[in-house]
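Here is what each chain is made of, one letter per residue.
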Amino acid sequence: MKSKIVLLTSALLTVLFVGCAKQPVVPKQTTPPETTPNVVTTASIVNTTAAFEKAISSKGTWIIAITKDLAIDKELVVDGEYKNGKKDDGGKDIIQRKIALYSQDENKNITARFTLTVPKLTINSANGSIEHGTFKGDLYVSANNFQLKDASVDGNIYFTTDEAKSTFKMDAKSKLTGKAELKK
């Protein structure tokens, strides 16, 4: 009887020590190195001057969405080539750069429109657009296929090349208060 109690106690202590032993810590790896993307195609949601400047830089994102009116008192440049994460009919990545001057709900209905004020904004990113809000200042377009989509420009648009001017598009909802001309 005494040996059964010692044996049972030993078994119970063994289970207890094994179950309570400290387990080795394995660091959690959220993104394996072999699947790290080369191009970030997310949006940059901004509400400050500094965040906007970073987002439009060559190290920014393909879409820049402001969440309130922004007034910036210096000249800025939209730089870089970005893929929007979609493919064309031929399977090639679509290059695009969008400044979204609006917010939307989960059904993509526009819920608010904003005004971006910059004395001079130079567009160097191909297939760029300003959409669904108001831009106050002068635009200098050096890239091809720049578009205004349901946007107002309270200022002028100056194209720095013939090709930038000939590939420019403005939909019927967009407005321009100034002139649109070639200025090399």
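Residues numbered from 1 in each chain as written. Predicted model: local features only at pLDDT ≥ 70, side-chain atom pairs only at ≥ 80, totals over all residues. Heavy atoms only, no water.

**Concerning the overall build of the protein**
- Broken down by element type, the protein carries three helices and 18 strands.
- Here the protein holds 184 residues, and 32% of them are scored as buried.
- Long-range contacts, defined as pairs at least 24 residues apart, comprise 32% of the intrachain contacts of the protein with a sequence gap of at least 6.
- Total accessible area on the protein is roughly 11700 Å²; 54% of this is exposed by carbon and sulfur atoms. (Helix = DSSP H or I, 4+ residues; strand = E, 2+ residues; numbered from the N terminus. Buried < 20%, exposed > 50% of the residue type's maximum accessible area, 1.4 Å probe, protein only. Contact = heavy atoms within 4.5 Å. Areas by Shrake-Rupley, 256 points an atom, 1.4 Å probe, with all protein chains shown as cover.)

**A look at helix α2 (residues 49–56)**
- For α2, the complete set of buried residues consists of Phe52, Ala55 and Ile56. An end-on view of α2 places all buried positions within 90 degrees of arc, on one side of the element. Among the exposed residues of α2, those oriented more than 90 degrees off its buried face are Ala50 and Lys54.
- Against the buried residues of α2 lie β1 (43–46), β2 (63–66), β3 (70–71), β4 (76–78), β7 (97–100) and β10 (115–123). (Arc of directions from axis to C-beta.)

**As for the confidence of the model for the protein**
- Across the protein, the average pLDDT comes to 84, with 77% of residues at or above 70.
- For residues 22–41, every residue scores under 50 in pLDDT, and the model assigns this stretch six contacts once sequence neighbours within four places are set aside. (pLDDT = per-residue confidence, 0-100.)

**A short note on the pattern of salt bridges**
- Applying the stated rule across the entire model yields eight salt bridges.
- We note a salt bridge from Asp93 to Lys83, for which the minimum N-O separation is 3.6 Å. Residue Asp93 is located in strand β6 (residues 93–95), and its partner Lys83 is located in strand β5 (residues 83–87); the two are separated by 10 residues in the primary sequence.
- When the shortest N-O distance is used, the salt bridge between Asp162 and Lys184 registers 3.4 Å. Of this pair, Asp162 sits in helix α3 (residues 162–166) while Lys184 sits in the segment after β18 (180–182); the two residues are 22 residues apart in sequence, bridging distant segments of the chain.
- Here the residues in one salt-bridge network are Lys83, Lys87 and Asp93, joined through shared partners. (Salt bridge = Lys/Arg side-chain N within 4 Å of Asp/Glu carboxyl O.)

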